[in-house]
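Summary of the model geometry
In case you want the letters, here they are:
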Amino acid sequence: MKDSRRTLSAHTARIVVAPVAFITLCWLCLDRPGFYDHSIGGTTVDCAPIVKIGFGPVDDGIVATDSSTYDSLSEVISSATDNENAALVALATHSNAWTQRCEIARTDRMTEIFFTVLLFAGVFFTIRGKERIPLEPVERPRKRFENGRQPAAGWKYHV
């Protein structure tokens with residue numbers, strides 16, 4: 001008796017998994033990781049991506065902020081201090097803190113990339129080559145006994 005359920009071949013499943021894995025890994029590598037800085041009014045500071053588009057080293061350091069982040073930082077520093085020297089010290093402190101936080105954010109992103117590779121490799125190699133994956137649930141007929149009831153779990157045979 002031929003099985004009439006719809007199935008998916010292992011080859012097709014692997015063809016679906018591979019591009020999804022590739023797109024996910026490209027997004028994780030090329031997107032900028034960032035962090036939320038509460039000390040300067042709750043702005044988001046973006047860091048340099050893990051891999052540059054040209055696949056070379058990151059040139060400008062690991063902190064890649066936009067003008068709104070620096071504007072909010074300059075507002076906080078100018079309102080908090082009247083001395084120019086203290087403002088420069090505060091700016092250097094924030095720059096060092098941003099560099100450390102970007103290193104942490106980039107390390108977290110590398111960890112996400114590592115576990116994503118493990119996940120997709122596990123899914124890809126778990127799919128067996130000659131199998132067909134059913135797309136519909138299997139309905140198995142239940143065994144009926146003479147009196148119409150199922151036997152107790154531990155009793156298969158009568159002595």
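Everything discussed here concerns the structure shown above.
Residues numbered from 1 in each chain as written. Predicted model: local features only at pLDDT ≥ 70, side-chain atom pairs only at ≥ 80, totals over all residues. Heavy atoms only, no water.

1. Comments concerning the overall build of the protein
As a reminder of what qualifies: In this text, helices come from DSSP runs of H or I with a minimum length of four residues, and strands from runs of E with a minimum of two, each type numbered from the N-terminal end. Any residue under 20% of the maximum accessible area for its type is buried, any over 50% is exposed, and the rest in between are partly exposed; the area is computed with a 1.4 Å probe on protein chains only. Note on definitions: a residue-residue contact is assigned when non-hydrogen atoms from the two residues lie within 4.5 Å. Surface accessibility follows the Shrake-Rupley procedure with a 1.4 Å probe radius. Residue values consider only the protein chains on display as shielding.
Secondary structure assignment for the protein yields three helices and four strands. Across the protein, helices and strands are ordered from the amino to the carboxyl terminus as β-α-β-β-α-α-β. Every one of the 159 residues in the protein was classed for burial, and the buried ones make up 21%. Taking all contacts inside the protein whose residues are at least 6 apart in sequence as the whole, residues at least 24 apart take part in 64%. Counting every atom, the protein has about 12400 Å² of accessible surface; 59% of that belongs to carbon and sulfur.

2. So, the pattern of salt bridges
Where we set the bar: Any carboxyl oxygen of Asp or Glu within 4 Å of a side-chain nitrogen of Lys or Arg constitutes a salt bridge here.
Following the criterion strictly, the structure yields two salt bridges and no others. In this structure, Glu112 and Arg109 form a salt bridge, with 3.3 Å as the shortest nitrogen-oxygen distance. Residue Glu112 and its partner Arg109 are located together in helix α3 (residues 84-126), separated by three residues, close to a single helical turn. The partly exposed category is assigned to Glu112, whose relative accessible area is 40%. Here the salt bridges share partners, and the residues they tie into one network are Asp31, Arg109 and Glu112.

3. Digging into the state of the cysteines
The following threshold applies: In what follows, a disulfide is any cysteine sulfur pair within 2.5 Å.
For the structure shown, the criterion picks out one disulfide. In this structure Cys26 is a free cysteine whose sulfur lies 6.9 Å from that of Cys29, the closest cysteine sulfur available. When its relative accessible area of 28% is taken as the criterion, Cys26 is described as partly exposed.

4. Focus on a nonpolar patch on the surface
Where we set the bar: Think of a patch as exposed residues, more than 30% relative accessible area, with no salt bridge, where like charges cluster within 9 Å and nonpolar side chains (Val, Leu, Ile, Met, Phe, Trp, Tyr) cluster within 5 Å.
On the surface, Phe114, Phe115 and Leu118 cluster together into a nonpolar patch covering about 330 Å² of accessible area. Inspection of the secondary structure assignment puts Phe115 in helix α3. According to the relative accessible area criterion, Phe115 is exposed, its value standing at 52%.

5. Concerning the packing of aromatic side chains
Any aromatic ring pair is given by two values, namely how distant the centres are and how the planes are angled relative to each other. Rules: The rule is short: rings of Phe, Tyr and Trp, with Trp giving its six-membered ring, pair when the centres are within 6.5 Å, and they are stacked under 30 degrees, edge-to-face over 60, tilted in between. Placement of a charge over a ring requires the Lys NZ or Arg CZ to be within 6 Å of the ring centre, with the centre-to-atom vector within 35 degrees of the ring normal.
Inspection of every chain in the model, using the stated rule, returns two aromatic pairs. Arranged with centres 5.4 Å apart and planes meeting at 70 degrees, the rings of Phe114 and Phe115 form a pair that is edge-to-face. The partly exposed category is assigned to Phe114, whose relative accessible area is 49%. Summarising the aromatic geometry, the rings of Phe124 and Phe125 are spaced 5.2 Å apart at their centres and angled 85 degrees between planes, so their arrangement reads as edge-to-face. With relative accessibility at 26%, the residue Phe124 sits in the partly exposed group. Accessibility expressed as a relative area gives 64% for Phe125, which makes it exposed. Above the face of the Trp27 ring, Arg109 is positioned so that its terminal group lies 5.7 Å from the ring centre.

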